[in-house]
Amino acid sequence: MHDWITLQKQAADEFAARLHLITDWNAATPDTEWTVTDLVRHVVLEQQWVPPLLGGLSVLEARRSLAPLGSDLSAEWATHSARAAEAWAATPADAPVTLSYDTVTASDYLREQVSDVAIHSWDLARATDADESLDADLVAAVWTVFEAQRDTLEASGLFASPVPADEDAPLQHRLLALTGRDPRRP
(Lines give C-alpha, C1' and ligand atoms only; values in the text may rest on other atoms or scores of the structure.)
Protein backbone atom coordinates (compact mmCIF):
# COMPACT_ATOMS: atom_id res chain seq x y z
CA MET A 1 0.00 0.00 0.00
CA HIS A 2 1.35 3.41 -0.94
CA ASP A 3 1.23 6.55 1.21
CA TRP A 4 -0.26 8.85 -1.41
CA ILE A 5 -0.05 11.99 0.75
CA THR A 6 3.71 11.48 1.02
CA LEU A 7 3.84 10.72 -2.71
CA GLN A 8 1.92 13.93 -3.43
CA LYS A 9 4.69 15.88 -1.71
CA GLN A 10 7.33 13.89 -3.58
CA ALA A 11 5.68 14.56 -6.94
CA ALA A 12 5.38 18.27 -6.11
CA ASP A 13 9.05 18.36 -5.12
CA GLU A 14 10.03 16.62 -8.37
CA PHE A 15 8.10 19.19 -10.40
CA ALA A 16 9.40 22.17 -8.40
CA ALA A 17 13.02 21.05 -8.79
CA ARG A 18 12.66 21.11 -12.57
CA LEU A 19 10.54 24.27 -12.63
CA HIS A 20 13.47 26.24 -11.23
CA LEU A 21 15.68 25.09 -14.11
CA ILE A 22 13.57 26.60 -16.89
CA THR A 23 15.50 28.99 -19.09
CA ASP A 24 13.34 28.80 -22.22
CA TRP A 25 9.63 29.01 -21.52
CA ASN A 26 8.90 28.52 -25.23
CA ALA A 27 10.85 25.26 -25.52
CA ALA A 28 9.12 22.19 -26.90
CA THR A 29 8.02 19.40 -24.57
CA PRO A 30 7.31 15.69 -25.07
CA ASP A 31 3.65 16.78 -25.16
CA THR A 32 3.97 17.77 -28.81
CA GLU A 33 1.26 20.43 -28.73
CA TRP A 34 2.66 22.18 -25.63
CA THR A 35 5.54 24.50 -24.91
CA VAL A 36 7.12 24.58 -21.46
CA THR A 37 4.76 27.45 -20.61
CA ASP A 38 1.73 25.39 -21.66
CA LEU A 39 2.92 22.38 -19.65
CA VAL A 40 3.58 24.38 -16.49
CA ARG A 41 0.29 26.27 -16.84
CA HIS A 42 -1.56 22.91 -17.13
CA VAL A 43 0.06 21.50 -13.99
CA VAL A 44 -0.52 24.71 -12.01
CA LEU A 45 -4.16 24.85 -13.10
CA GLU A 46 -4.65 21.25 -12.01
CA GLN A 47 -3.33 22.19 -8.56
CA GLN A 48 -5.57 25.24 -8.47
CA TRP A 49 -8.63 23.00 -8.92
CA VAL A 50 -7.78 20.74 -5.97
CA PRO A 51 -9.00 22.85 -2.99
CA PRO A 52 -12.41 23.76 -4.41
CA LEU A 53 -13.10 20.23 -5.63
CA LEU A 54 -12.02 18.68 -2.34
CA GLY A 55 -14.14 21.31 -0.61
CA GLY A 56 -17.23 19.82 -2.24
CA LEU A 57 -17.82 22.27 -5.07
CA SER A 58 -19.17 21.05 -8.38
CA VAL A 59 -16.97 21.44 -11.44
CA LEU A 60 -18.96 24.52 -12.51
CA GLU A 61 -18.76 26.07 -9.03
CA ALA A 62 -15.05 25.31 -8.83
CA ARG A 63 -14.42 26.84 -12.27
CA ARG A 64 -16.20 30.03 -11.17
CA SER A 65 -14.08 30.20 -8.01
CA LEU A 66 -10.74 30.10 -9.84
CA ALA A 67 -8.81 33.31 -10.37
CA PRO A 68 -6.85 33.69 -13.60
CA LEU A 69 -3.20 32.69 -13.27
CA GLY A 70 -0.63 35.44 -13.20
CA SER A 71 2.36 35.66 -15.49
CA ASP A 72 4.86 34.34 -12.91
CA LEU A 73 4.09 30.64 -13.20
CA SER A 74 6.79 29.70 -10.70
CA ALA A 75 5.10 31.82 -8.05
CA GLU A 76 1.71 30.45 -9.07
CA TRP A 77 3.07 26.91 -8.67
CA ALA A 78 4.36 27.71 -5.18
CA THR A 79 0.97 29.12 -4.15
CA HIS A 80 -1.31 26.51 -5.68
CA SER A 81 0.78 23.44 -4.92
CA ALA A 82 0.92 24.51 -1.25
CA ARG A 83 -2.84 25.07 -1.15
CA ALA A 84 -3.42 21.71 -2.82
CA ALA A 85 -1.16 19.96 -0.28
CA GLU A 86 -3.12 21.56 2.58
CA ALA A 87 -6.41 20.46 1.03
CA TRP A 88 -5.19 16.88 0.54
CA ALA A 89 -4.03 16.69 4.15
CA ALA A 90 -7.38 17.97 5.45
CA THR A 91 -9.67 15.75 3.33
CA PRO A 92 -10.77 12.24 4.35
CA ALA A 93 -9.69 9.61 1.83
CA ASP A 94 -13.26 8.44 1.30
CA ALA A 95 -14.75 11.92 0.74
CA PRO A 96 -16.65 12.14 -2.57
CA VAL A 97 -15.17 14.44 -5.20
CA THR A 98 -17.10 15.46 -8.29
CA LEU A 99 -14.86 15.58 -11.36
CA SER A 100 -15.78 16.31 -14.96
CA TYR A 101 -16.14 12.62 -15.78
CA ASP A 102 -17.46 11.05 -12.54
CA THR A 103 -17.71 11.29 -8.78
CA VAL A 104 -14.75 9.54 -7.18
CA THR A 105 -13.22 9.28 -3.73
CA ALA A 106 -10.60 11.79 -2.65
CA SER A 107 -8.06 8.97 -2.61
CA ASP A 108 -8.79 8.14 -6.26
CA TYR A 109 -8.47 11.81 -7.20
CA LEU A 110 -5.21 12.01 -5.24
CA ARG A 111 -3.74 9.07 -7.14
CA GLU A 112 -4.75 10.72 -10.42
CA GLN A 113 -3.19 14.03 -9.43
CA VAL A 114 0.04 12.48 -8.15
CA SER A 115 0.35 10.53 -11.38
CA ASP A 116 -0.24 13.62 -13.51
CA VAL A 117 2.37 15.70 -11.68
CA ALA A 118 4.91 12.84 -11.72
CA ILE A 119 4.61 12.26 -15.48
CA HIS A 120 4.73 15.98 -16.19
CA SER A 121 7.82 16.28 -13.98
CA TRP A 122 9.56 13.98 -16.43
CA ASP A 123 8.15 15.98 -19.37
CA LEU A 124 9.57 19.15 -17.85
CA ALA A 125 12.91 17.46 -17.20
CA ARG A 126 13.12 16.36 -20.83
CA ALA A 127 12.15 19.84 -22.06
CA THR A 128 14.75 21.57 -19.89
CA ASP A 129 17.49 18.95 -20.32
CA ALA A 130 17.41 18.30 -16.56
CA ASP A 131 17.84 15.07 -14.64
CA GLU A 132 15.02 12.82 -15.83
CA SER A 133 15.17 10.24 -13.05
CA LEU A 134 12.14 10.22 -10.78
CA ASP A 135 11.94 8.87 -7.25
CA ALA A 136 11.68 5.07 -7.42
CA ASP A 137 8.80 4.84 -4.91
CA LEU A 138 6.89 7.50 -6.84
CA VAL A 139 7.42 5.62 -10.10
CA ALA A 140 6.29 2.34 -8.54
CA ALA A 141 3.11 3.92 -7.19
CA VAL A 142 2.27 5.73 -10.43
CA TRP A 143 2.86 2.50 -12.34
CA THR A 144 0.01 0.89 -10.35
CA VAL A 145 -2.32 3.65 -11.55
CA PHE A 146 -1.41 3.58 -15.23
CA GLU A 147 -0.75 -0.14 -15.63
CA ALA A 148 -4.31 -0.84 -14.47
CA GLN A 149 -5.53 1.46 -17.27
CA ARG A 150 -3.24 0.00 -19.94
CA ASP A 151 -6.07 -0.80 -22.34
CA THR A 152 -7.82 2.57 -22.04
CA LEU A 153 -5.01 5.15 -21.85
CA GLU A 154 -4.65 5.82 -25.56
CA ALA A 155 -8.41 5.71 -26.15
CA SER A 156 -8.87 8.40 -23.47
CA GLY A 157 -7.29 10.95 -25.79
CA LEU A 158 -5.09 12.15 -22.94
CA PHE A 159 -2.08 10.06 -23.95
CA ALA A 160 -0.22 9.25 -27.12
CA SER A 161 0.08 5.67 -28.30
CA PRO A 162 2.27 3.55 -26.06
CA VAL A 163 5.92 3.34 -27.08
CA PRO A 164 7.39 -0.17 -27.26
CA ALA A 165 9.45 -1.06 -24.19
CA ASP A 166 11.15 -4.27 -23.17
CA GLU A 167 9.56 -6.02 -20.19
CA ASP A 168 12.97 -6.02 -18.50
CA ALA A 169 13.47 -2.25 -19.01
CA PRO A 170 13.61 -0.12 -15.85
CA LEU A 171 10.15 0.54 -14.42
CA GLN A 172 10.39 4.28 -15.14
CA HIS A 173 11.04 3.53 -18.82
CA ARG A 174 8.07 1.18 -18.97
CA LEU A 175 5.86 3.75 -17.23
CA LEU A 176 6.86 6.50 -19.64
CA ALA A 177 6.42 4.21 -22.64
CA LEU A 178 2.96 3.21 -21.42
CA THR A 179 1.97 6.88 -21.33
CA GLY A 180 3.22 7.48 -24.87
CA ARG A 181 6.61 8.93 -23.95
CA ASP A 182 9.90 7.73 -25.35
CA PRO A 183 12.44 7.67 -22.54
CA ARG A 184 15.30 7.07 -24.98
CA ARG A 185 17.43 10.07 -25.83
CA PRO A 186 17.14 11.23 -29.46
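In the annotation of an unreviewed UniProt entry, the entry for the protein reads TIGR03086 family protein, and the organism field reads Cryobacterium breve.

> How do you make sense of the overall build of the protein when you look at a structure like this?
Check the secondary structure of the protein and you find seven helices and two strands. Sequence-ordered secondary structure for the protein, helices as α and strands as β, is α-α-α-α-β-β-α-α-α. Classification of the 186 residues of the protein by burial places 46% in the buried group. As displayed, the protein offers around 9700 Å² of accessible surface, 52% of which is attributable to carbon and sulfur atoms. Here the protein contributes 13 positively and 30 negatively charged side chains, and the mean placements of these two sets differ by 2 Å.

> Just checking my understanding: could you explain helix α2 (residues 36–54) for this structure?
Helix length check: α2, at 19 residues, gives a terminal C-alpha distance of 28 Å against a target of 27 Å (1.5 Å per residue), a fit within 8%. The distance from a side-chain oxygen at the start of α2 to the backbone nitrogen of T37 is 3.3 Å, and the residue carrying that oxygen is T35. Looking one or two residues beyond α2, the residue adopting positive phi is G56, at roughly 95°.

> It is not clear to me how unusual backbone geometry should be interpreted in this structure. Could you clarify?
Peptide bonds are trans in most cases, and residues, glycine excluded, mostly fall at negative phi. Positive phi values are uncommon outside glycine, yet D129 reaches one of about 60°. Turning to its location among the elements, D129 is positioned in the loop between α5 (106–128) and α6 (136–147).

> Would you take a moment to explain the nonpolar core for this structure?
Across soluble globular proteins, nonpolar side chains have a tendency to be buried as a group. Ranked by internal contacts, the top residues of the largest apolar core, which has 53 residues, are V40, W77 and Y109. Where this core is concerned, the elements lending two or more residues are α1 (4–19), α2, α3 (59–65), α4 (73–90), α5, α6 and α7 (171–178). When sequence neighbours within four positions are dropped, the list of residues in contact with W77 reads A12, F15, A16, L19, V43, V44, Q47, A82 and V117.

> It is not clear to me how the packing of aromatic side chains should be interpreted in this structure. Could you clarify?
We describe a pair of aromatic rings using the distance from one ring centre to the other and the angle between the two ring planes. Here the structure, examined in full by the defined rule, presents two aromatic pairs. One cation-aromatic arrangement involves R174 over W143; the distance from NZ or CZ to the ring centre is 5.5 Å.

> Any chance you could explain the environment of L134 here in plain terms?
Structurally, the position occupied by L134 is in the loop between α5 and α6. Residue classification places L134 among the buried positions, given a relative accessible area of 10%. Considering only alpha carbons, one finds L134 and L124, 10 residues apart in sequence, at a separation of 12 Å. In contact with L134, other than residues within four places in its own chain, are E14, R18, A118, S121, W122, V139 and Q172.

> Is there a simple way to think about the side chain of D116 in this case?
Tracing the backbone shows D116 in helix α5. Among buried charged residues, D116 stands out as having no salt bridge; its nearest opposite-charge side chain is R181, 6.8 Å away. In contact with D116, not counting residues within four places along its chain, are H42 and E46.

Rules used throughout
- Residues numbered from 1 in each chain as written.
- Predicted model: local features only at pLDDT ≥ 70, side-chain atom pairs only at ≥ 80, totals over all residues.
- Heavy atoms only, no water.
- Helix = DSSP H or I, 4+ residues; strand = E, 2+ residues; numbered from the N terminus.
- Buried < 20%, exposed > 50% of the residue type's maximum accessible area, 1.4 Å probe, protein only.
- Areas by Shrake-Rupley, 256 points an atom, 1.4 Å probe, with all protein chains shown as cover.
- Lys, Arg positive; Asp, Glu negative; His and termini not counted.
- Charge placed at Lys NZ, Arg CZ, Asp CG, Glu CD.
- Expected span 1.5 Å × (residues − 1).
- Polar contact = N/O pair within 3.5 Å; in protein donor to acceptor, adjacent residues only side chain to side chain.
- Core = buried A, V, L, I, M, F, W, Y, C linked by side-chain atoms within 4.5 Å.
- Contact = heavy atoms within 4.5 Å.
- Phe/Tyr/Trp six-rings, centres within 6.5 Å; stacked < 30°, edge-to-face > 60°.
- Lys NZ or Arg CZ within 6 Å of the ring centre and 35° of its normal.
- Salt bridge = Lys/Arg side-chain N within 4 Å of Asp/Glu carboxyl O.

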